[in-house]
Amino acid sequence: MGKWLFDIPVNAEKIRVRVRGVYSTALTKFFLSQGFEITQPSPKVSERFGFSNPPYLSPHIDIKAKGSRATVESLERFTPTLKNILLEAFDDIIIHQESYTKNSIWRGVVTKKLKDGYMVRFSLNNEGFLPSEEAQQQYREGDLVVVEVQGYDQRNNRIVLTESISIPGEYVVLVKKEIVKVSRKIKGSRKVELLDIGNILRPPGWGAIFRTSAMYASLDDISEELKKLQSYAEELLGNLDKVPAFTQIREGINLLTIYFPRDAKRKLDELRSEVIPTLKGHHWMKTLGRAPSLLVDFLEEMGQYYPNIDIDNLSELAMSFIRRNLLPKKGDKISIHHIKPSMKKIVLGPAKVIDVRESDGMLEYIMFRKFSAGGYYDGINAPKESGDFGITIAKEGDTKLITVYYDMNLNLKGVYINVNSPIEVYPHSIRYVDLEVDVVRTYDGDIMIIDRKKLDKYLEQGVISKGLYEFAMEKAHEYKTWLETEGVDYVHELYEDIREAIEEELIIS
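Throughout what follows, the structure given in this document is the object of discussion. The structure presented is a predicted model; accordingly, all values stated were derived computationally and were not measured. Chains are numbered independently. Their residues run from 1 in the order of the written sequence. Residues qualify for local features only when their pLDDT is at least 70, as the model is predicted, and side-chain atom pairs are given and counted only at 80 or more; totals for whole chains, interfaces and linings, by contrast, use all residues. Each side-chain value is worked out from all heavy atoms of the structure, with water and hydrogens disregarded.

## Focus: the packing of helix α10 (residues 452-460) against helix α11 (residues 466-497)
Lines fitted to C-alpha atoms define the axes here, with helix axes fitted over just the stretch in contact, and angles between the N-to-C directions of these axes take values from 0 to 180 degrees. Under the scheme used here, helices are H or I runs from DSSP no shorter than 4 residues and strands are E runs no shorter than 2 residues, and both carry numbers assigned from the N terminus. Two numbers describe how α10 lies on α11: the axes approach to 10 Å, and their chain directions differ by 170°. It follows that α10 is roughly antiparallel to α11 by the angle criterion. Here α10 runs over α11; the crossing is left-handed. Taken together, the residues of α11 that come into contact with α10 (itself represented by R452, L455, D456 and L459) are K466, Y469, A472 and M473. Lys, Arg, Asp and Glu make up the charged group, whereas Ala, Val, Leu, Ile, Met, Phe, Trp, Tyr, Cys and Pro make up the nonpolar group; the residues left over, Gly among them, are polar. Looking at side-chain class alone, the contact of α10 with α11 contains 5 nonpolar, no polar and 3 charged residues. The cut-offs work like this: below 35 degrees is roughly parallel, past 145 is roughly antiparallel, 65 to 115 is roughly perpendicular, and the gaps in between are oblique. What makes a crossing left-handed is the near helix being turned counterclockwise from the far one by less than a right angle; a clockwise turn instead makes it right-handed. Should any heavy atoms of two residues lie within 4.5 Å, those residues are considered in contact.

Here you go:
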């Protein structure tokens, strides 16, 4: 039992996970190694893992991955375990958790009557909107009301509540509305059959929504669960009058977003390779678009059907092809995707690539950027003046992004080193997770580490691992020492190397 009074009534002998999307094979391997149960696996995953009769019960944790991100719905009691094992296994991942808990039930207080509903404070930190059509009666300010968190209204920037509470089970969800619905994934005669069962067996005054797991459930299983859920609902509702305001009555579902940076993708590559032939860089290449994704599929099928082929050679072949044909070249304009641990993405640029170099087997991009006048530059405390420009240096796999600021007379105004996850290069952008701590050389020549408090906050909140925190601080001190000793000389030497390209850009702009 957690900080709430009631658990959601589901069988939880083992934590069940459903995984969909680009990381499905790797994450299935990972969760099996952690003792979790995989439920409702895709046909392809079932084939790869030899699941002959996999469970089809509803998941406690539902993961859908696309690109570098995965969205997660986790039963509240299992969220701490999920976060802990992920942060321990993948040092560099970022886990953002929404402040509200979907489907949680609370005893709240009406704080304001609006034209179309009510504002209800349901916890010390959260207030939500109860639409008139979701309220069972009219309320006045100060009235107590039992509400369920329905979701979030992005347009109006507020949590949405309902009085029509739901009671989710393994196969069916009881709802305080006289309706019968079936999961969109269930079709044909089975859908018709479940609609009939729901209309016959649902308790008086309640409705039934059949979950995907009801696809193969027997009539006895469904009937037994509906009785169990009705009994649970009666117990829950019978205790509401005893509950004080701002109490969480029942657990809900935590909504999380996980960002997988470069090193996490590489670990996922390794996990996948334990199941099926996998190119190095598989999960990065699969995010580049349809053509490179098909190339990866083709080469990995070759590795699967011709076991004597060296998968490392195929990896080098794919990487070489992608670098030659898809990654940015001199003269291209690209954007810089600066991803915060809060999952907010700041897009900088466009920046023009004025030079591409190879260093230690990695591509290094030198980019030119123009700045608008007005205000001050963050960190370096220099005024933004007409004619200012910057040179940004980004290298594949590097944990720093360097931007050097100049005025129109080519005088150095400052240096800003962003400490980040290893840089990933894409056809039209570079991307990294900003680790918040930065190193600067200010307008006055001072060299210092800034913004450490933000990193401290993310560690305390469980957004980042302790390992990533220590890594970021170690790198910040390393880059501070570099800037104090040789960094400024490096900047001046680089400027001389690309002087002609810079002067050409100044003339064009």
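## A closer look at a nonpolar patch on the surface
A cluster of nonpolar side chains, contributed by I200, L201 and L219, occupies part of the molecular surface with about 300 Å² of accessible area. Among the structural elements, I200 can be located in helix α4 (residues 188-201). Patches here are clusters of residues that have more than 30% relative accessible area and form no salt bridge, with a 9 Å joining cutoff for like charges and a 5 Å cutoff for nonpolar side chains (Val, Leu, Ile, Met, Phe, Trp, Tyr). Under the convention used here, a 1.4 Å probe and the Shrake-Rupley method define accessible areas, while residue burial counts only the protein chains that appear. The term salt bridge refers to a pairing of a side-chain nitrogen on Lys or Arg with a carboxyl oxygen on Asp or Glu at a separation within 4 Å.

## Notes on the pairing of strand β22 (residues 412-420)
Along any regular strand the residues' side chains alternate between the sheet's two faces. For β22, a buried count of 8 out of 9 residues is recorded, marking the element as mostly surrounded by other parts of the structure. Here, any two strands with at least 2 DSSP bridges between them count as paired. Where strand β21 (residues 400-406) folds back onto β22 in an antiparallel hairpin, the turn is made up of 5 residues, including L410, whose phi is positive at roughly 70°. Across 5 bridges, the pairing between β22 and strand β24 (residues 429-441) is antiparallel. Bridged to N420 within β24 is D434. Whether a residue is buried, partly exposed or exposed follows from its accessible area with a 1.4 Å probe, protein chains only, as a fraction of its type maximum: under 20%, in between, or over 50%, in that order.

## Some thoughts on the sheet that holds strand β14 (residues 207-210)
If you trace the 4 strands from one edge of the open sheet to the other, you get β11-β12-β14-β13, paired in mixed fashion. What marks the edges here is a single partner per strand, and that holds for β11 (166-168) and β13 (180-182). The sheet shows a mean angle of 15° between the axes of neighbouring strands, taken without regard to direction. In terms of strand pairing, strand β12 (residues 172-175) meets β14 through 4 bridges, oriented antiparallel. When the sheet's bridge partners are listed, L174 is paired in β14 with A208. α4 contacts β13 and β14 of the sheet and is inclined by roughly 155° relative to β13.

## Looking at the pairing of β21
Counting buried positions over the 7 residues of β21 gives 7, a clear majority of the element. Neither face of β21 is left uncovered, since the one carrying K400, I402, V404 and Y406 and the one carrying L401, T403 and Y405 both have all their residues buried. Both strand β20 (residues 389-395) and β21 contribute to a ladder of 5 bridges, which runs antiparallel. Among the inter-strand pairings, F389 is bridged to a residue of β21, identified as Y406.

## Observations regarding the nonpolar core
If you look at soluble globular proteins, the nonpolar side chains tend to sit buried side by side. Take the buried Ala, Val, Leu, Ile, Met, Phe, Trp, Tyr and Cys residues and link them wherever side-chain atoms come within 4.5 Å; each set so joined is a nonpolar core. F31, I61, F90, I93 and L130 are the most contacted members of the largest nonpolar core, which has 49 residues in total. By residue number, the principal contributor to this core is helix α3 (residues 79-89), which donates 5 residues. Apart from the residues within four sequence positions on either side, L130 is in contact with G117, Y118, V120, A135, Y139, V145, V147, L161, T162 and E163. Core analysis: the second largest hydrophobic core is formed by 38 residues, I393, V404, V433 and M473 among them.

## What to know about helix α9 (residues 311-325)
An ideal rise of 1.5 Å per residue puts 21 Å on 15 residues; α9 measures up with 21 Å between its terminal C-alpha atoms. Of all the positions in α9, only L314, S315, A318 and I322 are classed as buried. Down the axis, α9 shows its buried residues gathered within 105° of arc, on one side only. For α9, exposure combined with an orientation more than 90 degrees from the buried face picks out E316, L317 and R324. On its buried side, α9 packs onto α7 (282-285) and α8 (290-305). Nitrogen and oxygen atoms within 3.5 Å of one another constitute a polar contact, given that in protein one can donate a hydrogen and the other can accept it, and given that sequence-neighbouring residues count only through two side-chain atoms. Sitting at the amino-terminal end of α9 is D310, which places a side-chain oxygen 2.8 Å from the backbone nitrogen of D312. A helix is expected to span 1.5 Å for every residue after the first. In this context, the arc is that of the directions from the helix axis out to the C-beta atoms.

## A few points about the pattern of salt bridges
Applying the stated criterion to the full structure yields 29 salt bridges. Notably, a salt bridge pairs R18 with D62, separated by 2.7 Å at the nearest N-O pair. Taken together, the residues span a long stretch of sequence, with R18 in strand β1 (residues 16-21) and D62 in strand β3 (residues 61-66) at a distance of 44 residues. Under the relative-accessibility criterion, D62 is labelled buried at 11%. E505 is the partner of K352 in a salt bridge, and the nearest nitrogen-oxygen pair spans 3.0 Å. Of this pair, K352 sits in strand β18 (residues 345-359) while E505 is found in helix α12 (residues 499-508), placing the two residues 153 residues apart along the sequence. The exposure class of K352 is partly exposed, given its relative accessible area of 22%. Classification of E505 as buried rests on a relative accessible area of 9%.

## Brief notes about a positive patch on the surface
For the purpose of counting charges, residues Lys and Arg are taken to be positive, whereas Asp and Glu are taken to be negative. His and the chain ends are not included. Lys charges are placed at NZ, Arg charges at CZ, Asp charges at CG and Glu charges at CD. There is a patch of like positive charges on the surface, built from K64, R184, K185, K187 and K191. Checked against the element boundaries, K185 lands in the loop between β13 and α4.

## Here we look at the packing of α4 against helix α5 (residues 219-238)
At a closest axis distance of 11 Å, the pairing of α4 and α5 adopts a crossing angle of 35°. Note that α4 runs across α5; the crossing there is right-handed. Between α4 and α5, the contacting residues are R190, L194, I197 and L201 on the first element and L219, I222, S223 and L226 on the second. Here the residues of the contact of α4 with α5 sort into 6 nonpolar, 1 polar and 1 charged.

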